[in-house]
Amino acid sequence: MSNLSKDVSDFVGKISKRNPHEPEFMQAVTEVAETIIPFIEDHKKYKDANVLERMCEPERVMMFRVPWVDDQNNVQVNRGFRVQMNSAIGPYKGGLRFHPTVNLSVLKFLAFEQVFKNSLTTLPLGGGKGGSDFDPKGKSDAEVMRFCQSFMTELSKHIGGYTDVPAGDIGVGAREIGFLFGQYKRLNNEFTGVLTGKGLSYGGSLIRTEATGYGLVYFAKEVMDANDDSLEGKVCAVSGSGNVAQYAIEKLIEFGAKPVTVSDSGGCIYDPDGIDTEKLEFIKELKNEKRGRISEYADKYKAAEFHKDITPWNIKVDFAFPCATQNELPLEDAKTLVKNGCKGVFEGANMPTTEEALSYFREQKIFFSPGKASNAGGVATSGLEMSQNAQRISWTRDEVDYRLKMIMRSIHKNCVDYGTGSDGYVDYVKGANIAGFVKVADAMIAQGVV
Ligand code: NDP
């Protein structure tokens, strides 16, 4: 927070006082305040209505006990959350995360980011986020089901197709969404689009599974097109090996790029030959079916190296796609990337870049797209799933993919419109924050002091 203007540091100080011990939330607020406060200074109506401070306060937060019985008949207890951040432009929308690191600060940061991201998608979606400190890793399917049923028993009181529509996130994939949906239907005796990311046989949308990773690479392609460049032949570092990473790699391969890394919480794989379609299928089966560790990649592909202690950001690459988790790209790694000639960072995860690393990238004026812009394809396609559910129809794969591409194009254009400086450099962080803010702020002002 060292280089903040007085207005920004006063504002951040006030919010921080009200939210002690919430570092992730304050990191997200600070990043937004830095770009929005100078904008508000020039647009008095937002200042007079105190919109930004209102946006920093969730409309509602639920925190609840989730008891469940494990396979050894022991009674376990976890904590469940749902943060309903902002419903100015539509029902709350945002994923559920099951991971031991989940706490109120993490979910408030994610819900806050979600408000801006959902606004950018051009769809009528408010912002929310939820989850639990439950760790699905190492649990049997039956344990995960009992946990999901208990979690939904409470959550179901607070959500609904026109109120709040959760989706997946870290640790919540197709299996968990299925269990959660089954319990909601049982409790409410209605078949409704109350969750997105559903299976295709019960109301899911084609391309939803792929959407975040595909959308990320579509966004990177928009940046390339705007700069007379292309992804063809570019060496790319990708972190994570879950949903976002897998489909980012799939699209990078399709566009002729060469992804050379993947990772998980156990370490990083560097494959100098590049990850091709066959290797990607191995990763998908390993992570989605066998629920194994990424180190097994190096056992199968001998040219690849597994490193327990280094991140993908130490490899010489053209572009970096952080797709694992928050704060996984610190300043030191940012410097290494730039020193090695990396020309762009496209966030697939939410806030994977630390505050210091983000400032460094912007100073260096390399391409940098914040997750709220470049990973918005996932929630956008969730919005498309809601539209299909409401109309009781299913669009074709091509139709959903086309809409996803158009949404990513429009997000990119919005960022350029609001983020281009006098020297022509596009500050995508500033562009995404202002574009996302304006729509929500206008709706809040129109609705009165609510
Ligand atoms: P998954 O659970 O499918 O995969 C997460 C990946 O990140 C796994 O490889 C996991 O490794 C790794 N990871 C998680 N925590 C850590 C950690 N502390 N250190 C190192 N690696 C870690 O999640 P998603 O792919 O869905 O989500 C990834 C990111 O993308 C998150 O930030 C999420 O919020 C964001 N996102 C996801 C969207 C979606 O549609 N799924 C939409 C928009 C954003 P391991 O297997 O060891 O846990």
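Thresholds applied
Residues numbered from 1 in each chain as written. Predicted model: local features only at pLDDT ≥ 70, side-chain atom pairs only at ≥ 80, totals over all residues. Heavy atoms only, no water. Near = heavy atom within 4 Å. Polar contact = N/O pair within 3.5 Å; in protein donor to acceptor, adjacent residues only side chain to side chain. Areas by Shrake-Rupley, 256 points an atom, 1.4 Å probe, with all protein chains shown as cover. Helix = DSSP H or I, 4+ residues; strand = E, 2+ residues; numbered from the N terminus. Nonpolar A, V, L, I, M, F, W, Y, C, P; charged D, E, K, R; others polar. Domains from an automatic or database assignment. Contact = heavy atoms within 4.5 Å. Buried area = accessible area lost by both parts, 1.4 Å probe. Salt bridge = Lys/Arg side-chain N within 4 Å of Asp/Glu carboxyl O. Expected span 1.5 Å × (residues − 1). Patch = residues over 30% accessible without salt bridge, like charges linked within 9 Å, V, L, I, M, F, W, Y side chains within 5 Å. Buried < 20%, exposed > 50% of the residue type's maximum accessible area, 1.4 Å probe, protein only. Core = buried A, V, L, I, M, F, W, Y, C linked by side-chain atoms within 4.5 Å. Axes fitted to C-alpha atoms, helices over the stretch in contact; angles between N-to-C directions. Parallel < 35°, antiparallel > 145°, perpendicular 65-115°, else oblique. Left-handed = near helix turned anticlockwise from the far one by under 90°. Pairing = 2+ DSSP bridges.

**Describing the site of the ligand**
Thought 1: Not every one of the 26 residues close to the ligand is listed here, only the nearest: D169, T212, S265, R293 and N350.
Thought 2: R97 has a polar side-chain atom sitting 2.9 Å from an oxygen atom of the ligand.
Thought 3: At 2.9 Å, a backbone N or O of N243 approaches an oxygen atom of the ligand.
Thought 4: For the ligand, the accessible surface in isolation is 890 Å², of which the surrounding protein chains cover 83%.
Thought 5: When residues of the shell around the ligand are traced back to their parent elements, those giving at least two are helix 8 (208–226), helix 9 (243–254) and strand 8 (261–264).
Thought 6: Taken together, the residues that form the shell around the ligand break down as five nonpolar, 13 polar and eight charged.
Thought 7: Mapping the shell around the ligand onto the domain boundaries places at least three of its residues in each of domain 1 (60–191) and domain 2 (211–369).

**Considering the domain arrangement of the protein chain**
Thought 1: When its domains are assigned, the protein chain resolves into domain 1 (60–191) and domain 2 (211–369).
Thought 2: Of note, the centres of domain 1 and domain 2, computed from C-alpha atoms alone, are 27 Å apart.
Thought 3: Taken together, the contact pairs 10 residues of domain 1 with eight residues of domain 2.
Thought 4: Between domain 1 and domain 2, a total of about 710 Å² is buried, with carbon and sulfur atoms accounting for 42% of that surface.
Thought 5: By the criterion of area lost to domain 2, the three top residues of domain 1 are F109, K137 and R175, representing 47% of everything that side buries.
Thought 6: Along the contact surface separating domain 1 from domain 2 lie zero salt bridges.
Thought 7: The interface formed by domain 1 and domain 2 contains two residue pairs in polar contact (both at pLDDT 80 or more).
Thought 8: Looking at which element gives the most residues to the side of domain 1 that touches domain 2, the answer is helix 5 (residues 104–120), with four residues.
Thought 9: Classifying every residue of the side of domain 1 that touches domain 2 gives four nonpolar, no polar and six charged.

**Brief notes about helix 16 (residues 397–419)**
Thought 1: Here helix 16 contains 23 residues, and its C-alpha end-to-end distance of 32 Å stays within 8% of the 33 Å for a straight helix at 1.5 Å per residue.
Thought 2: The inward-facing, buried residues of helix 16 abut helix 5, helix 8, helix 14 (371–374), helix 15 (377–391) and helix 17 (428–446).

**Some remarks on a nonpolar patch on the surface**
Thought 1: Together, V69, V75 and V77 give the surface a local cluster of nonpolar side chains, amounting to about 260 Å² of exposed area.
Thought 2: With respect to the helices and strands, the residue V69 is situated in strand 1 (residues 60–69).
Thought 3: By relative accessible area, V69 is classed as partly exposed at 32%.

**Examining unusual backbone geometry**
Thought 1: One non-glycine residue, H21, lies in the positive phi region at around 60°.
Thought 2: Within the secondary structure, H21 sits in the loop between helix 1 (6–18) and helix 2 (23–41).
Thought 3: Looking at H21, the relative accessible area reads 75%, which means it is exposed.

**Looking at the nonpolar core**
Thought 1: Grouped together as the largest cluster of nonpolar side chains are 57 residues, with contacts concentrated most on F321 and I411.
Thought 2: Here the element with the most residues in this core is helix 8; it accounts for nine residues.
Thought 3: Split by domain, this core shows at least three residues from each of two domains, domain 1 (60–191) and domain 2 (211–369).
Thought 4: Setting aside residues up to four positions removed in sequence, I411 forms contacts with L120, T121, F219, A373 and A376.
Thought 5: Judged by nonpolar contacts, the second largest core, of 42 residues, contains I15, V51, V106 and A111.

**Here's the deal with the packing of helix 1 against helix 2**
A pair of packed helices can be characterised by two numbers: the angle between their axes and the separation between those axes.
Thought 1: For the pair helix 1 and helix 2, interaxial distance at closest approach is 9 Å and the crossing angle is 140°. For the element pair helix 1 / helix 2, the angle class is oblique. At the point where helix 1 passes helix 2, the crossing takes the right-handed sense. Contacts between helix 1 and helix 2 pair D7, V8, F11, V12, I15 and S16 from the former with F25, M26, V29, T30, A33, E34, I37 and E41 from the latter.
Thought 2: Split into classes, the residues belonging to the contact of helix 1 with helix 2 amount to nine nonpolar, two polar and three charged.

**Looking at the sheet that holds strand 8**
Thought 1: Reading across the sheet, the three strands line up as 8-9-10 and stay open at both edges, with antiparallel pairing between neighbours. Whereas interior strands pair on both sides, the edge strands pair on one side only; in this sheet they are strand 8 and strand 10 (305–307). The mean angle between the axes of side-by-side strands here comes to 20°, regardless of whether they run parallel or antiparallel.
Thought 2: By the bridge criterion, three bridges tie strand 9 (residues 267–270) to strand 10 in an arrangement that is antiparallel. Bridging across to strand 10, I269 finds its partner in F306.

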